[in-house]
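Coordinate inspection notes
What follows is the residue order along each chain.
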Amino acid sequence: MAVDFAPRPTPGAGSLATRRLVLRPFRLSDGPAVETLAGDFDVAKMLDVVPFPYPAGAAARWIATHDENRDGGREYPFAIEREGELVGCVGLNRETDGLFHLGYWIGKPFWGHGYATEAAHAALAFAFDELGEGEVKSGHYADNHASGRVMTKLGFRYAKESMRFSKARGHAVRFLDTRLARAQFRR
Ligand SMILES: CC(C)(COP(=O)(O)OP(=O)(O)OC[C@H]1O[C@@H](n2cnc3c(N)ncnc32)[C@H](O)[C@@H]1OP(=O)(O)O)[C@@H](O)C(=O)NCCC(=O)NCCS
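Description of the structure in this document.

What counts, and where the lines are drawn
- Residues numbered from 1 in each chain as written.
- Predicted model: local features only at pLDDT ≥ 70, side-chain atom pairs only at ≥ 80, totals over all residues.
- Helix = DSSP H or I, 4+ residues; strand = E, 2+ residues; numbered from the N terminus.
- Buried ≥ 20, exposed ≤ 12 C-beta atoms within 10 Å, placed from the backbone.
- Contact = placed C-beta atoms within 7 Å.
- Near = placed C-beta within 6 Å.
- Pairing = 2+ DSSP bridges.
- Core = buried A, V, L, I, M, F, W, Y, C linked by C-beta atoms within 7 Å.
- Arc of directions from axis to C-beta.

1. Topic: the overall build of the protein
For the protein, the count of helices and strands is six helices and eight strands. Counted from the first residue to the last, the protein has its helices and strands arranged as β-β-α-α-α-α-β-β-β-α-β-α-β-β. The dimensions of the protein, computed from C-alpha atoms along their principal axes, are 45 × 40 × 35 Å. The burial tally for the protein puts 32% of its 187 residues in the buried class. Residue pairs in contact within the protein that sit at least 24 positions apart in sequence constitute 56% of those at least 6 positions apart.

Structure, rendered in structure tokens:
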């Protein structure tokens, strides 16, 4: 594997740096940007828990839960920042079966630059190397081909199909569950 000596953004405490991005804890002041970016229907409809329209103030209330959940080892949500601007979100949430679920979104103005793949790669390296996980789960709605491509590039494999309720769409949608074992992770 080629070693990349390119300068990286300097991360702060609890943050991760990639070639172009900083993954950092959310701040309450990110709320309005989250509501604008994740409140776009083309983003919200691909996520199960994001409402549409995104109510004013709801993002700050969500961000206010992060410290306690992170301290309890239940959730590791990262704001994805490019040159000081919020471009999206990537996170790991521990599910009832004990495995972390990887989730992400990128604001529509920032699609198509490889940011989701780069940020998800960093979050997975954090899960495997820092948290010591052996396997991570994820998945996408069957009509979300871009996310399927992101997962395939990272090494995820398809596990099963289910129906999952999309809050924004207001109905259940075919969902493809994926899994990534540490050994299959494409570094
Ligand atoms: C899915 C999403 C995260 C991708 O973000 P992104 O930063 O544009 O992703 P990347 O650039 O890293 O990779 C996207 C890949 O999908 C491909 N792609 C994009 N649209 C596609 C489509 N309609 N069909 C197939 N592939 C597609 C791109 O070409 C790229 O693959 P490549 O590197 O082989 O060319 C972004 O579109 C998004 O946030 N969507 C709404 C929320 C969401 O879907 N979150 C994930 C829920 S599972």
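2. Notes on the site of the ligand
Around the ligand there are 20 residues in total, and Met46, Ala116, Thr117, His145 and Arg149 lie nearest to it. Taken together, the elements giving at least two residues each to the shell around the ligand come down to β5 (100-106), α5 (115-130) and α6 (145-154). When residues of the shell around the ligand are assigned to their parent elements, the largest contribution, five residues, is made by α6.

3. Things to note about the pairing of β5
In terms of burial, β5 is largely enclosed, as six of its seven residues are buried. Where strand β4 (residues 85-94) meets β5, seven bridges bridge the pair, whose relative direction is antiparallel. Across the sheet, residue asparagine 93 finds its bridge partner in β5, namely histidine 101. Sheet analysis places β5 next to strand β6 (residues 135-141), joined by two bridges and oriented parallel. Following the sheet pairing, histidine 101 is matched in β6 by lysine 137.

4. A few points about the nonpolar core
Leu23, Ile80, Val90, Ala119, Ala120 and Ala123 are the most contacted members of the largest nonpolar core, which totals 42 residues. With eight residues, α5 is the largest single contributor of residues to this core. Excluding its chain neighbours within four sequence positions, the residues that come into contact with alanine 123 are Leu23, Phe78, Val90, Leu92 and Leu102.

5. Focus on the sheet that holds strand β7 (residues 157-166)
In spatial order, the strands read β1-β2-β3-β4-β5-β6-β8-β7; together these eight strands make up an open sheet with mixed pairing. Each of the sheet's edge strands pairs with one partner strand only, and the pair in question is β1 (16-17) and β7. The pairing of β1 with strand β2 (residues 22-24) spans two bridges and is classified as antiparallel. Pairing of alanine 17 across the sheet is with valine 22, part of β2.

6. Description of α6
Those residues of α6 that fall on the buried side of the exposure criterion are Ser147, Val150, Met151 and Leu154. The buried side chains of α6 occupy one side of the element, clustering within an arc of 95° when seen end-on. Summarising the contacts, the buried residues of α6 are in contact with α5, β6 and β8 (171-181). Trailing α6 by a residue or two, glycine 155 shows a phi angle of about 105°, which is positive.

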